[in-house]
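If you want the building blocks of each chain, they are given just below.
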Amino acid sequence: MNRRELLVSGSSLLAWLATSGLASAANAEVVAGKMEEDIRLPPLLDGRTGPIRLEAKAGATVFAGGAPSSTMGFNQSYLGPTVLLRRGTIPPVRVENGVDVPITLHWHGLTVPSSADGGPGTEIAPGAGRDVELPIRQPAATHWYHTHVHGRTAPDVYAGLAGAVILQDDDEAGIELPRTYGVDDFVLILQDKRFDGSGRAVYEPGIMDIMHGFRGDAVLVNGQLRPIAKAPRGLVRLRLINAATSSPFDLSLESGRPLVLIGVDQGLLDAPIEVDRVLLAPGERIELLVDLGQGEERLMAASQSSSMGMMGGNAGSAVLLTLAPDDGREAAVTSIPQRLPTSSAVAIAATGTRRRFVLDEGMGPMNMVRGLVGGSPVMTINSKRYEIDRIDFSTPVGAKEHWTIAANQMAHPFHVHGAKFQVLKNGGREPRPEERGWKDTVLVNGEAELAVSIDAETSEGLPFVFHCHILEHEDAGMMGQFTTQV
Ligand code: C2O
Ligand code: CU
Ligand code: CU
């Protein structure tokens, strides 16, 4: 038997061991029975003109009816406020830890010095706080923030230590786009959850969840199941953030009408692209326009198996969100802009230093044995497990590099801090529409070629990390570090 066959045959037994009792009929009822309610957007926290204060708190949240779940959030009981940022400002940020586990606050997508980035080296102990300044020097985009403590990122992000960022600039403001928060501009933070029979969200990943990625019973939007967003009968802007620990979501409209893709991780595309579906991997963001001119639309999500067929393809599509026209209000924008303001059209040449990173789930079968005896799996990049004191490479700020990322065993969403990249090839093909433009996270299928721009400086001896954004993999060691010099 080769290693792959061993992995597959081991997985049938272990899949049963790991999942028995989880997808019970009771869960299905919890998930099916929930009434649709109006969407609740996270409150805005305006960092354009004032300081940003975020405090991690513990709370209890009712998700799908039934019993409350233990959750965490920033300034509230689950998730955090949407932080508004503006290019050209340097807001002061105060983070306080009011929960009983260590946290960090990582700004996913912001290219800021490593002292402000909030990576694993910037732990804040329970009861403590940290002050940073956040220099905003990049284009308008949708980003997010989340805790990033090595070994506990998955459970703590699942519990809710995450929030959205809307970064604005003059170029974006000059384009006719919907931008009234909660009226025609919606932040949608996606997390899938598993429910026990009482409706409580649980996170007890088995070894197979850690190996192949944790999949929930339902996908929640800002903590709500199938909410309704009422909006004027015109264009609606959706800012989607995949904050799931490991599920990629395949998004489409139930009507079959196209989605209009206007932005990816690091900003707007140079022109809108009509697509039938988009795939959003953990860590990625997209901005879409949906036209309510024809009436109600339903945004659907299928939770895709990322293990390249090994676990049996896609789960069925389920309604994520209903967009309902509200004729009491006049639409601000009714026609799709032809051009969008961006520099992202210019692909950077794939020259410069070449690096190759192999993302691997370690010794697959050995990890399963470890799991059976209660150990945790070991995952690696270039055969090395993450260590907080090891620096894997060093490079100048401003460097343009050519990276090859190889994903073993399954598709892995690769993410890098302090840098951005363009996808040149992924799985031997041209990038999909949602893989165009500047990105910081990409679901690598087989091998991907990236043109990387190193944009931020490491400071105070803190490196940047690069890792798999399947948070279970990251926690198991699929992460490395680098420093930059000005
Ligand atoms: Cu979204 Cu290193 O993180
Ligand atoms: Cu990040
Ligand atoms: Cu991975």
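Check the entry above for the structure.
For the structure given in this document, a descriptive report is provided here. (Residues numbered from 1 in each chain as written. Chains lettered and ligands numbered in written order. Predicted model: local features only at pLDDT ≥ 70, side-chain atom pairs only at ≥ 80, totals over all residues. Heavy atoms only, no water.)

1. Digging into the coordination of the copper ion (ligand 3)
To be explicit about the condition: For Na, K and Ca the donor cut-off is 3.2 Å, while for other metals it is 2.8 Å, and in both cases only N, O and S atoms qualify; water is not among them, so sites may look incomplete. Burial status follows relative accessibility: with a 1.4 Å probe on protein chains alone, a residue under 20% of its type maximum counts as buried, one over 50% as exposed, and anything between as partly exposed.
Every protein donor of the copper ion (ligand 3) is listed here as H412 (ND1), C468 (SG) and H473 (ND1), and their distances to the metal cover 2.0 to 2.1 Å. For the copper ion (ligand 3), the donor residues sit on a single chain with the sequence spacing H-x55-C-x4-H. For C468, a relative accessible area of 0% puts it in the buried group. Classification of H473 as buried rests on a relative accessible area of 0%.

2. Looking at the side chain of N242
The test is simple: For helices the rule is a DSSP run of H or I covering at least 4 residues; for strands it is a run of E covering at least 2, with both sets numbered from the N terminus onward. Only heavy atoms enter the contact rule, under which two residues are in contact if any of them lie within 4.5 Å.
In this structure, N242 sits in strand 14 (residues 235–242). The residues touching N242, leaving out its near neighbours within four places in the chain, are W144, L190, S247, P248, F249, L280, A281, P282, G283 and E284.

3. Points about empty space enclosed by the protein
Stated formally: Points on a 1 Å grid, built from protein atoms alone, make a cavity when a 1.4 Å probe fits but cannot get out and make a pocket when they are open with protein on both sides within 12 Å along at least 5 of 7 lines; residues with an atom within 4 Å of a point are the lining residues. Grid points are joined across faces, edges and corners, and a volume is the space filled by probe spheres set on the points. Amino acid classes used here: Ala, Val, Leu, Ile, Met, Phe, Trp, Tyr, Cys and Pro are nonpolar; Asp, Glu, Lys and Arg are charged; the rest, including Gly, are polar. Domains are outlined according to an automatic or database domain assignment.
This structure, assessed with the given rule, holds two cavities of 30 Å³ or more. Estimated volume of the largest cavity: approximately 70 Å³. Broken down by secondary-structure element, the contributors of at least two residues to the lining of the largest cavity are helix 3 (114–117) and strand 7 (129–133). Of the residues belonging to the lining of the largest cavity, the class tally is six nonpolar, four polar and one charged. If you add up the space inside the second largest cavity, you get close to 50 Å³. If you go around the second largest cavity, you meet 14 residues; those closest to its centre are G109, L110, V416, H417 and G418. Within the residue set of the lining of the second largest cavity, elements represented by two or more residues are strand 6 (106–108) and strand 26 (412–416). When the residues that make up the lining of the second largest cavity are grouped by side-chain class, the tally is four nonpolar, eight polar and two charged. For the lining of the second largest cavity, the domains that each give at least three residues are domain 2 (44–171) and domain 3 (345–485).

4. Let's talk about the sheet that holds strand 9 (residues 162–168)
Using the following cut-off: Pairing between two strands is assigned when DSSP locates at least 2 bridges connecting them. Only the stretch in contact is used when fitting a helix axis, every axis being a line fitted to C-alpha atoms; angles between N-to-C directions are given from 0 to 180 degrees.
Pairing is mixed across the open sheet formed by five strands, whose spatial order is 1-4-9-8-6. In this open sheet, the two edge strands, each paired with only one partner strand, are strand 1 (44–46) and strand 6. Averaged over all pairs of adjacent strands, the angle between their axes in this sheet comes to 30°, without regard to strand direction. Pairing analysis gives six bridges linking strand 8 (residues 141–146) to strand 9, with the strands arranged antiparallel. Within strand 9, the position partnered with T142 by the bridge is I166.

5. Details of the sheet that holds strand 18 (residues 277–280)
Across the sheet, which stays open at both edges, the five strands sit in the order 13-21-20-15-18 with mixed pairing between neighbours. Looking at strand neighbours, the two that pair on one side only are strand 13 (228–231) and strand 18, the edges of this open sheet. For this sheet, the mean angle separating the axes of adjacent strands, direction not counted, is 25°. Pairing of strand 15 (residues 249–253) with strand 20 (residues 297–303) involves five bridges; the strand directions are antiparallel. Bridged to L251 within strand 20 is A301.

6. A word on the coordination of the copper ion (ligand 2)
Those protein atoms acting as donors to the copper ion (ligand 2) are H106 (NE2) and H415 (NE2), and they sit at 1.9 Å. Here H415 lies in strand 26 and H106 lies in strand 6, a separation of 309 residues in the sequence. For H106, a relative accessible area of 1% corresponds to the buried category.

7. What to know about the nonpolar core
What counts, and what does not: Nonpolar cores were defined as sets of buried Ala, Val, Leu, Ile, Met, Phe, Trp, Tyr and Cys residues, with membership established by side-chain atoms within 4.5 Å.
W403, F414 and L450 are the most contacted members of the largest nonpolar core, which totals 33 residues. For this core, the elements supplying multiple residues, two or more each, are helix 6 (207–212), strand 22 (354–360), strand 25 (400–407), strand 26, strand 27 (419–426), strand 28 (441–444), strand 29 (447–454) and strand 30 (464–468). Residue contributions to this core reach at least three from each of two domains, namely domain 1 (3–23 + 177–325) and domain 3 (345–485). Those residues in contact with W403 that lie beyond four places of it in its chain are R355, F357, F393, F414, V416, A448, E449, L450, V452 and I454. F186, A231, F249 and L292 belong to the second largest nonpolar core, which has 32 residues in total.

8. Digging into the pairing of strand 17 (residues 267–275)
Bridge count between strand 16 (residues 259–264) and strand 17: five bridges; the pairing is antiparallel. Note on strand 17: the bridge partner recorded for G263 is L268. Linkage of strand 16 to strand 17, two consecutive antiparallel strands, is achieved through a turn of two residues.

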